[in-house]
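Notes for the structure review
The chain contents come next:
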Amino acid sequence: QESSAAIEVAHLIKLYKTTRAVDDISFRIARGSITGLLGGNGAGKTTTIAVIMGLVLPTSGRIQVLGHAMPDESAEVLGRMNFESPYVDMPMRLTVRQNLTIFGRLYAVENLADRIEQLASDLDLKDFIDRANGKLSAGQKTRVALAKALINQPELLLLDEPTASLDPDTADWVRQHLQDYRRTHDATILLASHNMLEVERLCDRVIIMKRGRIEDDDSPDQIMARYNRTTLEDVFL
Ligand code: ATP
């Protein structure tokens, strides 16, 4: 029987030489939830997500994903999760369809051509699906990135600032899509953000990180009530 948590992190530490990027954090993420990791630059959000994903090895600590120890049992879970992160760039010369085909094969997606058609329709990619990835607008790239992250219909989705540099309408559209995906697939989503309004609208729970540590962990309502805008900025510094 698998653990009821989608993610369990216990006493995670990640040092880069002497930098304590993540400094002894612990949390559990319930299945089916959307959780925001909120924090300023250098708070440790990206590192936390990369370690959970198995892209970066922890210095110490215990990580369980969908009931399996990471990174030792990553082969058991990698196909059931997916992520969107600046750690991985898509080749710019290839078309959107070629990019999605590569990622689909990586995840051994069945009926891949049909899955790509489905995503093209859901995410409105049809107009540029045969255009080179390098020739897309920021909003189009975001939709392609989302298609890539959803190609294997992951149970667990990790996102690093999914709406950074998008206009407000496109950002709202992305959030709506993530909520729909969570509902239709009973999926768990963990995302890094430094946008309080974003996590308030999208998330069930907010974990605030500061200098590699967890500063607070609560519902968006409670977090909003506890910190006015000014103090939230203080928290980030
Ligand atoms: P941002 O919002 O700026 O992306 P973040 O909360 O995602 O910030 P991280 O990227 O996890 O923060 O960085 C945490 C700390 O670790 C920072 O001090 C950063 O400089 C350092 N760091 C991150 N990656 C590396 C690396 N590969 N080598 C050395 N130091 C790193």
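What comes next is a walk through the structure. These numbers come from a predicted model, not from an experiment.

Conventions we followed
Residues numbered from 1 in each chain as written. Predicted model: local features only at pLDDT ≥ 70, side-chain atom pairs only at ≥ 80, totals over all residues. Heavy atoms only, no water. Helix = DSSP H or I, 4+ residues; strand = E, 2+ residues; numbered from the N terminus. Rg over C-alpha atoms; globule rule 2.2 N^0.38 Å. Buried < 20%, exposed > 50% of the residue type's maximum accessible area, 1.4 Å probe, protein only. Contact = heavy atoms within 4.5 Å. Lys, Arg positive; Asp, Glu negative; His and termini not counted. Charge placed at Lys NZ, Arg CZ, Asp CG, Glu CD. Core = buried A, V, L, I, M, F, W, Y, C linked by side-chain atoms within 4.5 Å. Salt bridge = Lys/Arg side-chain N within 4 Å of Asp/Glu carboxyl O. Phe/Tyr/Trp six-rings, centres within 6.5 Å; stacked < 30°, edge-to-face > 60°. Lys NZ or Arg CZ within 6 Å of the ring centre and 35° of its normal. Near = heavy atom within 4 Å. Polar contact = N/O pair within 3.5 Å; in protein donor to acceptor, adjacent residues only side chain to side chain. Areas by Shrake-Rupley, 256 points an atom, 1.4 Å probe, with all protein chains shown as cover. Nonpolar A, V, L, I, M, F, W, Y, C, P; charged D, E, K, R; others polar.

Description of the overall build of the protein chain
The helix and strand inventory of the protein chain stands at nine helices and ten strands. Taking 2.2 N^0.38 as the reference for a compact globule, 237 residues should give roughly 18 Å; the C-alpha atoms of the protein chain span a radius of gyration of 18 Å, in line with that estimate. Expressed along its principal axes, the backbone C-alpha trace of the protein chain runs to roughly 45 × 40 × 35 Å. Within the protein chain, the proportion of its 237 residues that are buried is 52%. Put simply, 69% of the contacts in the protein chain that link residues at least 6 apart link residues at least 24 apart. Averaged over its 28 positive side-chain charges, the protein chain has a centre that lies 4 Å from the centre of its 34 negative ones.

A word on the nonpolar core
In this structure, Ile 7, Val 65 and Leu 158 are the most contacted members of the largest nonpolar core, which totals 70 residues. The residues contacting Ile 7, other than those within four sequence positions of it, are Phe 27, Arg 28, Ile 29, Ile 52, Gln 64, Leu 156, Leu 158 and Leu 190.

Side note on the pattern of salt bridges
Under the definition given, this model contains 16 salt bridges. Ionic pairing is found between Arg 20 and Asp 23, a salt bridge with its closest N-O pair at 2.8 Å. Classification of Asp 23 by relative accessible area gives buried; the value is 15%. For Glu 84, the salt bridge is made with Lys 148, and the minimal N-O distance between the two is 3.3 Å. Of the two residues, Glu 84 is situated in strand E6 (residues 81–84) and Lys 148 in helix H5 (residues 138–150); the sequence distance between them amounts to 64 residues. According to the relative accessible area criterion, Lys 148 is buried, its value standing at 2%. A single salt-bridge network, built from bridges that share partners, covers Asp 172, Arg 175, Glu 198 and Arg 201.

Focus on the environment of Ile 102
The residue Ile 102 is located in helix H3 (residues 96–106) in this model. Here Ile 102 falls in the partly exposed class, since its relative accessible area comes to 43%. On a C-alpha basis, the gap between Ile 102 and Ala 113 in space is 11 Å, while along the polypeptide they are eleven residues apart.

Notes on helix H1 (residues 45–53)
Here H1 lies mainly inside the structure; eight of its nine residues are buried. Buried within H1 we find Lys 45, Thr 47, Thr 48, Ile 49, Ala 50, Val 51, Ile 52 and Met 53. Immediately beyond the C-terminal end of H1, within one or two residues, lies Gly 54, with a positive phi of roughly 85 degrees.

Some points on the packing of aromatic side chains
Under the counting rule described, the total for this entry stands at zero aromatic pairs. One Lys or Arg, Arg 143, reaches over the ring of Trp 173 and ends 5.9 Å from the middle of that ring. Above the face of the Phe 83 ring, Lys 148 is positioned so that its terminal group lies 5.4 Å from the ring centre.

Notes on the site of the ligand
In the region of the ligand, 13 residues are neighbours, and Asn 41, Gly 42, Gly 44, Thr 46 and Thr 47 sit closest. Here Asn 41 contributes a side-chain N or O atom positioned 2.8 Å from an oxygen atom of the ligand. The contact in question runs from an oxygen atom of the ligand to an N or O atom on the backbone of Gly 42, over 2.8 Å. Relative to its unbound accessible surface of 630 Å², the ligand loses 60% to contact with the protein. Among the secondary structure elements, those contributing two or more residues to the shell around the ligand are strand E2 (19–30) and H1. In terms of residue count, H1 provides more of the shell around the ligand than any other element does, three residues in total. For the shell around the ligand, the class distribution of residues is three nonpolar, eight polar and two charged.

Everything listed is a geometric property; what it means functionally is a separate question.
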